[in-house]
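Chain residues, written in single-letter form:
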Amino acid sequence: MRMEKAQLMENLKKQIVAQFNLKKINPEDIGNDQPLFVEGLGLDSIDALELIVLLQQEYKVKLANPEDGPKVFASVSTMADYILKHQPGNANGQ
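What counts as what
- One numbering rule holds for all chains: residues counted from 1, following each sequence as written.
- In view of the model being predicted, local features appear only for residues whose pLDDT reaches at least 70, and side-chain atom pairs are presented and counted only at 80 or more, with totals across whole chains, interfaces and linings using the full set of residues.
- Excluding hydrogens and water, the side-chain figures rest on all heavy atoms present in the structure.
- Salt bridge, as used here, is a side-chain nitrogen of Lys or Arg placed within 4 Å of a carboxyl oxygen of Asp or Glu.
- Secondary structure counts use DSSP, requiring at least four H or I residues in a row for a helix and at least two E residues in a row for a strand, with both numbered from the N terminus.
- Accessible area is worked out with a 1.4 Å probe on protein chains only. A residue is then buried under 20% of its type maximum, exposed over 50%, and partly exposed in between.
- The criterion used for residue contact is that any of the two residues' heavy atoms lie within 4.5 Å.
- In this description, a line fitted to the C-alpha atoms serves as the axis of each element, helices being fitted only across the stretch in contact, and the angle between N-to-C directions of two axes falls anywhere from 0 to 180 degrees.
- Here is the rule for angles: anything less than 35 degrees is roughly parallel, anything more than 145 is roughly antiparallel, 65 through 115 is roughly perpendicular, and the remaining ranges are oblique.
- Crossing handedness is defined as follows: a turn of the near helix away from the far one that is anticlockwise and smaller than a right angle gives a left-handed crossing, while the clockwise case is right-handed.
- Under the convention adopted here, Pro, Cys and the residues Ala, Val, Leu, Ile, Met, Phe, Trp and Tyr are nonpolar, Asp, Glu, Lys and Arg are charged, and Gly plus all remaining residues are polar.

Caption draft 1: Representation of the pattern of salt bridges within the structure. On inspection of all chains with the given rule, the structure shows 3 salt bridges. Its salt-bridge partner being K13, residue E10 comes within 3.7 Å of it at the nearest N-O pair. In this pair, E10 and K13 are both assigned in helix α1 (residues 5–19), 3 residues apart and thus about one turn of the helix distant. Given a relative accessible area of 33%, E10 falls into the partly exposed group. Judged by relative accessible area, which is 5%, K13 ranks as buried. We note a salt bridge from K71 to D68, for which the minimum N-O separation is 3.8 Å. The partly exposed category is assigned to D68, whose relative accessible area is 23%.

Caption draft 2: Up close: the environment of I16. Structurally, I16 is set in helix α1. Its relative accessible area of 0% is what places I16 among the buried residues. Sequence-wise, I16 and L51 are 35 residues apart; in three dimensions their C-alpha atoms are separated by 8.1 Å. Residues contacting I16, with those up to four places away along its chain left out, are L22, L36, L41, L51, V76 and M79.

Caption draft 3: Structural context of the packing of α1 against helix α2 (residues 45–59). At a minimum axis separation of 12 Å, α1 and α2 run at an interaxial angle of 130°. Between α1 and α2, the angle falls in the class oblique. Classified by chirality, the crossing of α2 by α1 is right-handed. Here α1 contributes L8, N11, L12, Q15, I16 and Q19 to the contact with α2, which in turn contributes E50, L51, L54, E58 and Y59. In terms of residue class, the contact of α1 with α2 is made up of 6 nonpolar, 3 polar and 2 charged.

Rendered as structure tokens:
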């Protein structure tokens, strides 16, 4: 069943907070379009690798081209869009 983007973004926020042990940040504090790296949540390149693993384990989505990483992981919204487009069973037109 196709997951709605709003629910997916809420799930991703919870997973990001848990994955990176962000004790001072609640999932609802993360903006959908807030940058995840540098000036946003301050994630770094090691964290990017963990996000790639999260996509694979939780959503069965692989980052086909590593050069797409900065676009895919720009924000929670861009991650959700990528998952919805590439998740098995959620191909366009289904």
